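An overview of the molecular structure
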Amino acid sequence: MANHYDGQLGQVAKRLKTEFAGARGHTGNHEVQPSVVLHVRGLSEHALEQDLIDAVQHFGQVGQVVMMPRKRQALVEFEDLQSARSCVTYCNSNQIYVAGQPAFFNYSTSQRIERQQGEFERNKPNNILLMTVLNPAYPITTDVIHKISGQIGEIQRIVIFKKNGVQAMVEFDTTETATRALQQLNGADIYSGCCTLKIEFAKPTRLNVFKNDNDSWDYTQPNLGKF
């Protein structure tokens, strides 16, 4: 069953390497050109994507956020340059708090957060989320994923893959529920200090589950696979 979705799965952390590497090494705003993309440092290990959006949304519309929990960093892409300028200017003489902790904002050397071919379609709002578990120090099962995701809303199906690390696709009842889950859980740790979630929208609109076990579960058919 996992082969059916292999084409949708990638190692999320790798595609961010260029952006974060480019954001290192500068100590002043004058060393890089103003950009709609800001590099954020000093985040709390518990900071979530929604915390970051809440902290900067009054500067302007946020187009995309990429969290790097293990580095306690992130990239924020505003919809326009003036919003990014306002944020950096404010941060030069004031503190911006994210999840109760001061964070540092500077221009990234990237003018846009790079997207691989086909990524736009994958990141369109959808009722299915792709969750990549970073540093999976403990077993990740359908029960574990359901416990953390089910707090947000109704879950239809879960499929877990272990070919490229540990990843799971979680199908919610609606796109709105999935969007709330992404905002509230992206960057969160399942267990303290490990099993960090990197979440994005998946491309499929329905998951195929053939039996209920630790790696897949259809919550609309509780007796699936039983004889």
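Presented here is a report on the structure given in the accompanying data block. (Residues numbered from 1 in each chain as written. Predicted model: local features only at pLDDT ≥ 70, side-chain atom pairs only at ≥ 80, totals over all residues. Heavy atoms only, no water.)

Notes on the pairing of strand β8 (residues 166-172)
Stated precisely, the cut-off is as follows: Partly exposed residues are those whose accessible area sits between 20% and 50% of the maximum for their type, while under 20% is buried and over 50% is exposed, using a 1.4 Å probe and protein chains only. Put simply, DSSP marks the helices as runs of H or I at least four residues long and the strands as runs of E at least two long, and each gets a number from the N terminus on. A pair of strands is treated as paired once DSSP finds two or more bridges between them.
Counting buried residues in β8 gives seven out of seven residues, a clear majority hidden from the surface. The two faces of β8 match: Val 166, Ala 168, Val 170 and Phe 172 on one face and Gln 167, Met 169 and Glu 171 on the other face are all buried. Here strand β6 (residues 128-134) pairs with β8 via six bridges, running antiparallel. Looking across to β8, one finds that Leu 130 is bridged to Met 169. Bridging between strand β7 (residues 155-161) and β8 involves six bridges; their strand directions are antiparallel. Note on β8: the bridge partner recorded for Phe 161 is Gln 167. Counting the residues in the hairpin turn of β7 and β8 gives four residues, including Gly 165, whose phi is positive at 75°.

Concerning unusual backbone geometry
The phi dihedral of Arg 72 is positive, around 55°, even though this residue is not glycine. Here Arg 72 is to be found in the loop between β2 (62-68) and β3 (73-78). The phi dihedral of Ala 99 falls on the positive side, at around 55°, and the residue is not glycine. Within the secondary structure, Ala 99 is located in the loop between β4 (96-98) and β5 (101-107). Taking the relative accessible area as the measure of exposure, Ala 99 reaches 42% and is therefore partly exposed.

A closer look at helix α2 (residues 49-56)
What counts here: The directions considered for the arc are those from the helix axis to the C-beta atoms.
Listing the buried residues of α2 in full gives Glu 49, Leu 52, Ile 53, Ala 55 and Val 56. Relative to the axis of α2, the buried residues are bounded by an arc of 160° and lie together on one face.

Overview of the sheet that holds β5
Selection criterion: To get an axis, a line is fitted to the C-alpha atoms, and for a helix only the part in contact is used. The angle between two axes follows their N-to-C directions and goes from 0 to 180 degrees. We call two residues in contact whenever any of their non-hydrogen atoms come within 4.5 Å of each other.
Spatial strand order, β2-β3-β1-β5-β4: five strands in an open sheet with antiparallel pairing. Unpaired on one side and paired on the other, β2 and β4 mark the two borders of the sheet. If you compare each strand with its neighbour and ignore which way they point, the axes differ by 35° on average. Note that strand β1 (residues 37-41) and β3 share four bridges and pair antiparallel. Across the sheet, residue Val 37 finds its bridge partner in β3, namely Glu 77. Packed onto the sheet, α2 meets β1, β2, β3, β4 and β5 and runs at close to 135° relative to β2.

A word on the pattern of salt bridges
Pairing is possible between side chains of opposite charge, provided their charged atoms come close. Heads up, the condition is: Should a side-chain nitrogen of Lys or Arg be within 4 Å of a carboxyl oxygen of Asp or Glu, the pair is scored as a salt bridge.
On inspection of all chains with the given rule, the structure shows six salt bridges. Across the pair Asp 143 and Lys 147 runs a salt bridge whose closest N-O atoms are separated by 3.5 Å. Of the two residues, Asp 143 and Lys 147 are both situated in helix α5 (residues 142-149); the distance of four residues between them amounts to about one turn of the helix. The exposure class assigned to Asp 143 is partly exposed, which follows from its relative accessible area of 44%. Linking Lys 162 and Asp 215 is a salt bridge whose minimum nitrogen-to-oxygen distance equals 3.6 Å. Linking Lys 162 in the loop between β7 and β8 with Asp 215 in the loop between β10 (194-201) and β11 (216-218), this pair joins segments that are 53 residues apart in sequence. By sharing partners, the salt bridges in this structure join Arg 157, Glu 171 and Asp 218 into a single network.

Topic: the pairing of β6
Looking along a regular strand, one sees the side chains alternate between the two faces of the sheet. Burial analysis of β6 places seven of its seven residues in the buried class, which makes it a mostly covered element. Of the two faces of β6, both are covered, the one formed by Ile 128, Leu 130, Thr 132 and Leu 134 as well as the one formed by Leu 129, Met 131 and Val 133. In this sheet, β10 lies alongside β6 in antiparallel orientation, the contact comprising six bridges. Bridge assignment links Leu 129 to a residue of β10, and that residue is Phe 201.

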